[in-house]
Amino acid sequence: MAADIIPGERDLLLVVDVQNDFCPGGALGVPEGDAVVPVINRIQPGFAHVVLTQDWHPPGHQSFASTHPGHAPFETVEAAYGPQTLWPDHCVQGTPGAAFHPDLETTKAEMIVRKGTRAEIDSYSAFYENDHTTATGLAGYLRERDVTRVFICGLATDYCVHFSALDAARAGFEAVVIEDACRGIDLEGSLAAANQAMAEAGVAFIASAALGD
Ligand code: VGL
Ligand code: ZN
């Protein structure tokens, strides 16, 4: 089948959080999370630019249920910047759980964005921390490199992929989610809500088969 989309010099592949802790057996394992690895490896050579993100929390991070006595994972608490879902301890800086999945091709990446690095604030998006004002620097990087369209894949569809796609669109980039290169957590309908929010924000959805190789 002929490819519908041939990525060019102004396109970038953003690979979100393909880390051991988000794969089955990890601290916050996403169902079939590891299934994205061969898909992402297959499409990477078609992109001139690849950036990876890595969830990278210090011990005792604000998003960990263990930091909030009396609270359990997947409950919600009120943080200074709004509601915060509490997670099992995950992606602790320098631990094996925070490492990329061992089969993920990482040599092509031009940059790795680490996020959620400050103890007091979470960051789902690759662009802004959850206060929606503290920038990671990724938007500036993309503008300086003349990138206009961002293809997004990885984990989890309803959290870090979702918020990265919304912020990419808000920052003025074309945002395209590669659906079969993502998997979601789906906490209380979060996947359907995320898909709706992305569609309303003008995010496009494609299958990896639509990309030229
Ligand atoms: C993520 C929950 C907590 C993600 C990161 O990568 O989607 N989800 N930290
Ligand atoms: Zn996290």
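Reading the values: the criteria
As a convention, each chain's residues are numbered from 1 in the sequence order in which they are written. Note on labels: chains are lettered from A, ligands numbered from 1, in written order. Owing to the predicted nature of the model, reporting of local features is limited to residues with pLDDT of at least 70; listing and counting of side-chain atom pairs is limited to 80 or more, with chain, interface and lining totals taken over all residues. Only hydrogens and water are set aside; all other atoms, that is, all heavy atoms of the structure, feed into the side-chain values. Between Lys or Arg on one side and Asp or Glu on the other, a salt bridge is scored when a side-chain nitrogen of the former is within 4 Å of a carboxyl oxygen of the latter. To qualify as a helix, a DSSP run of H or I must reach at least 4 residues; to qualify as a strand, a run of E must reach at least 2; elements of each kind are numbered from the N terminus. Here's how the labels work: a residue is buried when its accessible area is under 20% of the maximum for its type, exposed when over 50%, partly exposed in between, all with a 1.4 Å probe on protein chains only. At least two bridges found by DSSP between two strands is the condition for calling them paired. Interaxial angle, 0 to 180 degrees, is taken between N-to-C directions of lines fitted to C-alpha atoms, where a helix line uses only the stretch in contact. We call two residues in contact whenever any of their non-hydrogen atoms come within 4.5 Å of each other. Counted as donors are N, O and S atoms no farther than 2.8 Å from the metal, or 3.2 Å for Na, K and Ca; water is not among the atoms, and sites may therefore look incomplete. Key to geometry: four donors with every angle between 85 and 135 degrees are tetrahedral; four donors are square planar and six octahedral where opposite donors lie over 155 degrees apart and all remaining angles lie between 65 and 115; all other sites are irregular. Throughout, a disulfide means two cysteine sulfur atoms within 2.5 Å of one another.

S.K.: What am I meant to see in the pattern of salt bridges here?
M.R.: A side chain with one charge may pair with a side chain of the opposite charge, provided their charged atoms come close. As enumerated under the stated definition, the model contains eight salt bridges in all. Between aspartate 17 and lysine 115 there is a salt bridge, with its nearest N and O atoms 2.8 Å apart. Linking aspartate 17 in the loop between strand 1 (11-16) and helix 1 (36-43) with lysine 115 in strand 5 (residues 111-115), this pair joins segments that are 98 residues apart in sequence. Note on accessibility: aspartate 17 and lysine 115 belong to one class, buried. Arginine 183 is the salt-bridge partner of glutamate 32, the closest N and O atoms lying 2.9 Å from each other. Taken together, the residues glutamate 32 in the loop between strand 1 and helix 1 and arginine 183 in strand 7 (residues 174-183) connect sequence positions 151 residues apart.

S.K.: Got a minute to help me understand the sheet that holds strand 6 (residues 149-155) in this structure?
M.R.: In sheet architecture, strand pairing relies on hydrogen bonds along the backbone and comes in two forms, parallel and antiparallel. Spatially, six strands are ordered 5-2-1-6-7-8 in an open sheet, and the strand pairing comes out parallel. Two strands close off the open sheet at either side, each with one partner strand: strand 5 and strand 8 (204-206). Between one strand and the next, the sheet's axes are offset by a mean angle of 25 degrees, whatever the strand orientation. Pairing of strand 1 with strand 2 (residues 49-55), which is carried by five bridges, proceeds in the parallel orientation. From the neighbouring strand, leucine 14 faces strand 2, where its bridge partner is valine 51. Contacts from helix 3 (residues 157-170) reach strand 1, strand 5, strand 6 and strand 7 within the one sheet, and its direction differs from that of strand 6 by about 170 degrees.

S.K.: Even after reading the chapter, I still don't get the coordination of the zinc ion (ligand 2), so can you show me in this structure?
M.R.: Ideal geometry at a metal centre gives angles of 109.5 degrees when four donors are arranged tetrahedrally and 90 or 180 degrees when six donors are arranged octahedrally. Those protein atoms acting as donors to the zinc ion (ligand 2) are Asp55 (OD), His57 (NE2) and His90 (NE2), and they sit at 2.0 to 2.2 Å. Geometry at the zinc ion (ligand 2) is irregular, judged from the four donor atoms that bind it and their angles of 88 to 170 degrees at the metal. Counting the intervening residues between successive donors of the zinc ion (ligand 2) yields the motif D-x1-H-x32-H. Taking relative accessible area as the criterion, histidine 57 reaches 0% and is therefore assigned buried.

S.K.: Just checking my understanding: could you explain the state of the cysteines for this structure?
M.R.: Such a bond, covalent and formed between the sulfur atoms of two cysteines, is termed a disulfide. One pass over the full model with this rule turns up zero disulfides. With no disulfide partner, cysteine 182 has as its closest neighbouring cysteine sulfur the one in cysteine 153, 6.2 Å distant. When its relative accessible area of 4% is taken as the criterion, cysteine 182 is described as buried.

S.K.: What am I meant to see in unusual backbone geometry here?
M.R.: Negative phi is the rule for most residues except glycine; trans is the rule for most peptide bonds. Look at the link from leucine 155 to alanine 156: it is a cis peptide, with omega at -15 degrees. Locating alanine 156 in the fold gives a position in the loop between strand 6 and helix 3. Phi at histidine 132 is positive, roughly 60 degrees, even though this residue is not glycine. Along the chain, histidine 132 turns up in the loop between strand 5 and helix 2 (138-144).

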